[in-house]
Amino acid sequence: MSLLTLNGLRGGYSEVDIIKGIDLHVAPGEIVTIAGTNGAGKSTLVKALLGLLPRVEGEVVLDGKSLTRLGAEDRFYAGLAYVPQVANVFPSLTVRENLQVVRGVKNLKVRMDEVLVNFPVLQERLGQRASALSGGERQQLAFARALMPSPRLMVLDEPTAALAPSLVGKVFDMVKALPAAGVAVLMVEQRARQALEISQQGYILDQGACVLSGRASELLADERMAQLYLGSH
Ligand SMILES: Nc1ncnc2c1ncn2[C@@H]1O[C@H](COP(=O)(O)OP(=O)(O)O)[C@@H](O)[C@H]1O
Ligand SMILES: [Mg+2]
């Protein structure tokens, strides 16, 4: 059973194909990592999935429903949540306002309480501006915002890239907690080893194509891949 299916996804920003026919699956409750070198096309693949790439061929299916002909807004309402790497909260709004302005949330007050149970730090800072939060707290707020509409799948593009090393583990802990809340995860990560350690499946992209995929545990044990793509950390 598949929550998300990408079938032959191909496209780019102009007539040149940046992603060259990607097949990918995410099962319900899974964490799936996309890794690969800089410029491999990971962010472009994420844009294609979200409906943000100018030219795409292939198929995107979420929960049995084809999203292929839908724009980004309708994909959001269909259950795709996205946390951008930067600019993922409104700095001048308070924590409470950041959660209140998320669109598509039924029963705002109840849902806010449900989400905040897992983010006690935010609960204590509801009245503070997001600009006053630390980097780690801001990332928590970005996650909490993404969870407000009860998405089926959370899409993360390098969630640890802009963070101090001491916060990286905390972000992976947040990611790890999502399946228990009914949210599957598709995550692009430079820290491929750490990401695969909390994932069930992994896909390695190179020059817009998938060059390796499989169970995360098998990828982690693959000597050749370790040398090529995983780095030493
Ligand atoms: N907005 C854009 N317009 C044109 N080309 C782009 C754009 N964004 C990325 N690219 C190109 O697409 C390729 C893949 O980039 P990207 O998907 O960002 O890779 P990754 O996320 O794996 O580092 C690169 O060659 C990059 O120059
Ligand atoms: Mg990228």
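Definitions and limits used
Residues numbered from 1 in each chain as written. Chains lettered and ligands numbered in written order. Predicted model: local features only at pLDDT ≥ 70, side-chain atom pairs only at ≥ 80, totals over all residues. Heavy atoms only, no water. Buried < 20%, exposed > 50% of the residue type's maximum accessible area, 1.4 Å probe, protein only. Helix = DSSP H or I, 4+ residues; strand = E, 2+ residues; numbered from the N terminus. Pairing = 2+ DSSP bridges. Right-handed = clockwise from strand over helix to strand, strands pointing away. Near = heavy atom within 4 Å. Polar contact = N/O pair within 3.5 Å; in protein donor to acceptor, adjacent residues only side chain to side chain. Areas by Shrake-Rupley, 256 points an atom, 1.4 Å probe, with all protein chains shown as cover. Domains from an automatic or database assignment. Contact = heavy atoms within 4.5 Å. Buried area = accessible area lost by both parts, 1.4 Å probe.

*Asks:* Please give an account of the pairing of strand S8 (residues 184-188) that cites residues and values.
*Replies:* The buried fraction of S8 amounts to five of the five residues, a majority that puts the element mostly inside the structure. The side-chain alternation of S8 yields two buried faces, one formed by Ala184, Leu186 and Val188 and the other by Val185 and Met187. Where strand S7 (residues 153-157) lies against S8, five bridges are found, and the strand directions are parallel. Residue pairing for S8: Asp157 is matched across the bridge by Val188. One crossover worth recording links S7 to the parallel S8 by way of helix H7 (residues 165-177), and it is right-handed.

*Asks:* Summarise the site of ligand 1; cite the residues concerned and give the values.
*Replies:* Around ligand 1, the neighbouring residues are Tyr13, Ile18, Thr37, Asn38, Gly39, Ala40, Gly41, Lys42, Ser43, Thr44 and Lys47. Within the side chain of Asn38, an N or O atom sits 3.5 Å from an oxygen atom of ligand 1. Across the complex, the protein chains shield 57% of the 560 Å² of accessible surface that ligand 1 would expose by itself.

*Asks:* Outline the domain arrangement of the protein chain, listing residues and values.
*Replies:* As far as domains go, the protein chain holds domain 1 (4-79 + 151-230) and domain 2 (93-149). Just the C-alpha atoms count here: the centres of domain 1 and domain 2 sit 24 Å apart. Contact residues are listed per partner, giving 14 residues for domain 1 and twelve residues for domain 2. In total, about 1,100 Å² of surface goes out of reach between domain 1 and domain 2, with carbon and sulfur atoms giving 77% of it. The largest per-residue losses of area from domain 1 upon contact with domain 2 belong to Phe76, Pro151 and Met174, which jointly make up 45% of the total buried on that side.

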